[in-house]
Amino acid sequence: MSPNVEGPTHASAPSAPVLAAYSYCEAVTGTQARNFAYGIRLLPTDKRQAMSALYAFSRRVDDIGDGTLPPEAKLVRLEETRALLGRIRAEEVEEDDTDPVAVALAHAARRFPIPLGGLDELIDGVLMDVRGQEYETWDDLKAYCRCVAGAIGRLSLGVFGTVHTGGLGAPEAARADEYADTLGLALQLTNILRDVREDAANGRTYLPAEDLAKFGCSEGFHADRAPAGADFAGLVHHEVRRARALFVEGYRLLPMLDRRSGACVAAMAGIYRRLLDRIEREPEAVLRGRVSLPTHEKAYVAVRGLSGLDARTISRQSTRRRI
């Protein structure tokens, strides 16, 4: 995908069936992904619709992986979803199709240069979950995160597009995909920290086994307090530092986006960075329940993003690094 796409490939007005499909996807997004929905509400209508379609399809994939079907049935469902993606890619989904998510995503893919292969990567990542894959090192976990979150960053960039910015050289602008991918990793690692107890209850451990062993946490997280003798706070702070470094790198995407797309990304990333702050202050809180932000704090993050403050700060930092 070219990093200098500035808008939709064509802007034909959606038909009534397509608008209904988008409305369905926006309803799914609003009820199932409040942090995500909070960010994309800052986008213009066409981009918000496209992002909702991407979320609804991604949510379908995630729900298969997280559902109660036996593993064999999940594998079948995931391959059926991959086949549907193939139909969307081949432009074989008609506007009167009975699947609103397919209709909306097909229209979005005609409107914007969305790299749909990223959704194949998402399916590959969920297949890792279904097969019970474990992660020995950060490099192992990073490969998984690139599938389930980095790919979403790159897909989103297909909708956002990038803009030419006077302070950015061509080599830097060409790294937009890389920065989007890295920001996705930062969000996913924050999710993993937030959900350690919930994931443990579902038989999943994502944090690298070598990190768990280093901090005495190899027994897992099945209670509302850390295992006896474990340095759980040390483990959390170790992973928080890793996530912060990813945020710093990924935030270099912001000056490459137009104002409203940058506001959307800054809002979503800002919410997760504040979650990371809370987790860092009280590590064992994640063992007692899901850590979240109050609505007023999310609103503050959104206003900050819409003001362009984060983008300007990152742009100044990037300029100083080049000097």
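Because the structure is predicted, anything quoted here is derived from the model rather than measured. (Residues numbered from 1 in each chain as written. Predicted model: local features only at pLDDT ≥ 70, side-chain atom pairs only at ≥ 80, totals over all residues. Heavy atoms only, no water.)

Visitor: How would you sum up the overall build of the protein chain? Please name residues and give values.
Guide: Counting secondary structure elements, the protein chain contains 16 helices and zero strands. The long-range fraction of contacts in the protein chain, counting pairs at least 24 apart against all pairs at least 6 apart in sequence, stands at 75%. (Helix = DSSP H or I, 4+ residues; strand = E, 2+ residues; numbered from the N terminus. Contact = heavy atoms within 4.5 Å.)

Visitor: Just give me the short version of the confidence of the model for the protein chain, but keep the residues and values in it.
Guide: Averaged over the protein chain, the pLDDT score is 87; the fraction of residues at 70 or greater is 87%. Predicted confidence for residues 1-7 stays below pLDDT 50, and this span has 17 contacts to residues more than four positions away or in other chains. (pLDDT = per-residue confidence, 0-100.)

Visitor: Hey, could you go over the packing of helix H4 (residues 71-89) against helix H6 (residues 117-130) for me, with residue numbers and the actual values?
Guide: Taken N-terminus to C-terminus, the directions of H4 and H6 make an angle of 180 degrees; their axes are 10 Å apart at the nearest point. Here H4 lies roughly antiparallel to H6, going by the angle between them. Counted together, Pro-71, Lys-74, Leu-75, Leu-78, Glu-79, Thr-81, Arg-82, Leu-85 and Arg-89 of H4 and Gly-117, Leu-119, Asp-120, Ile-123, Asp-124, Val-126, Leu-127 and Val-130 of H6 form the full contact between these two elements. Along the lines of polarity and charge, the residues of the contact of H4 with H6 split into nine nonpolar, two polar and six charged. (Axes fitted to C-alpha atoms, helices over the stretch in contact; angles between N-to-C directions. Parallel < 35°, antiparallel > 145°, perpendicular 65-115°, else oblique. Nonpolar A, V, L, I, M, F, W, Y, C, P; charged D, E, K, R; others polar.)

Visitor: Describe in detail the pattern of salt bridges, supporting the description with residues and values.
Guide: Per the stated rule, a full pass over the model turns up 25 salt bridges. Its salt-bridge partner being Glu-239, residue Arg-242 comes within 3.1 Å of it at the nearest N-O pair. Taken together, the residues span about one helical turn, with Arg-242 and Glu-239 both in helix H12 (residues 232-250) at a distance of three residues. Of the charged contacts in the structure, one is a salt bridge between Arg-252 and Glu-249, with a shortest N-O distance of 3.6 Å. When salt bridges with common partners are traced through the structure, they connect Glu-79, Arg-82, Arg-89, Asp-120 and Asp-124 into a single cluster. (Salt bridge = Lys/Arg side-chain N within 4 Å of Asp/Glu carboxyl O.)

Visitor: Can you lay out unusual backbone geometry for me, pointing to particular residues and giving the numbers?
Guide: The residue Glu-91 is not glycine, and still its phi comes out positive at about 55 degrees. By the element assignment, Glu-91 lies in the loop between H4 and helix H5 (100-111). Of the residues examined, Glu-91 reaches a relative accessible area of 58% and is grouped as exposed. (Buried < 20%, exposed > 50% of the residue type's maximum accessible area, 1.4 Å probe, protein only.)

Visitor: Tell me about the packing of aromatic side chains, residues and numbers included.
Guide: Inspection of every chain in the model, using the stated rule, returns five aromatic pairs. For the pair Tyr-135 and Tyr-206, a centre-to-centre distance of 6.3 Å together with 15 degrees between the ring planes defines the contact as stacked. Of this pair, Tyr-135 sits in the loop between H6 and helix H7 (138-160) while Tyr-206 is found in the loop between helix H10 (196-201) and helix H11 (209-214), placing the two residues 71 residues apart along the sequence. By the burial criterion, Tyr-135 is buried, and Tyr-206 matches it. For the pair Phe-221 and Phe-232, a centre-to-centre distance of 5.4 Å together with 65 degrees between the ring planes defines the contact as edge-to-face. A residue pair is termed long-range when its members are at least 10 positions apart, and Phe-221 in the loop between H11 and H12 and Phe-232 in helix H12 qualify at eleven residues. Exposure remark for Phe-221: the relative accessible area of 4% places this residue in the buried category. Counting every residue linked through ring pairs, the aromatic cluster contains Tyr-135, Tyr-144 and Tyr-206. (Phe/Tyr/Trp six-rings, centres within 6.5 Å; stacked < 30°, edge-to-face > 60°.)

Visitor: Describe the layout of surface pockets, and please don't skip the residues or the numbers.
Guide: Quantified by volume, the second largest pocket comes out at close to 440 Å³. Taken together, 22 residues form the lining of the second largest pocket, with Gly-132, Gln-133, Gly-203, Arg-204 and Thr-205 sitting closest to its centre. Among the secondary structure elements, those contributing two or more residues to the lining of the second largest pocket are helix H3 (45-66), H4, H6 and H11. Split by residue class, the lining of the second largest pocket holds eight nonpolar, eight polar and six charged. (1 Å grid on protein atoms, 1.4 Å probe; cavity = no way out; pocket = protein on both sides within 12 Å on 5 of 7 lines; lining within 4 Å. Points joined across faces, edges and corners; volume = space filled by probe spheres on them.)

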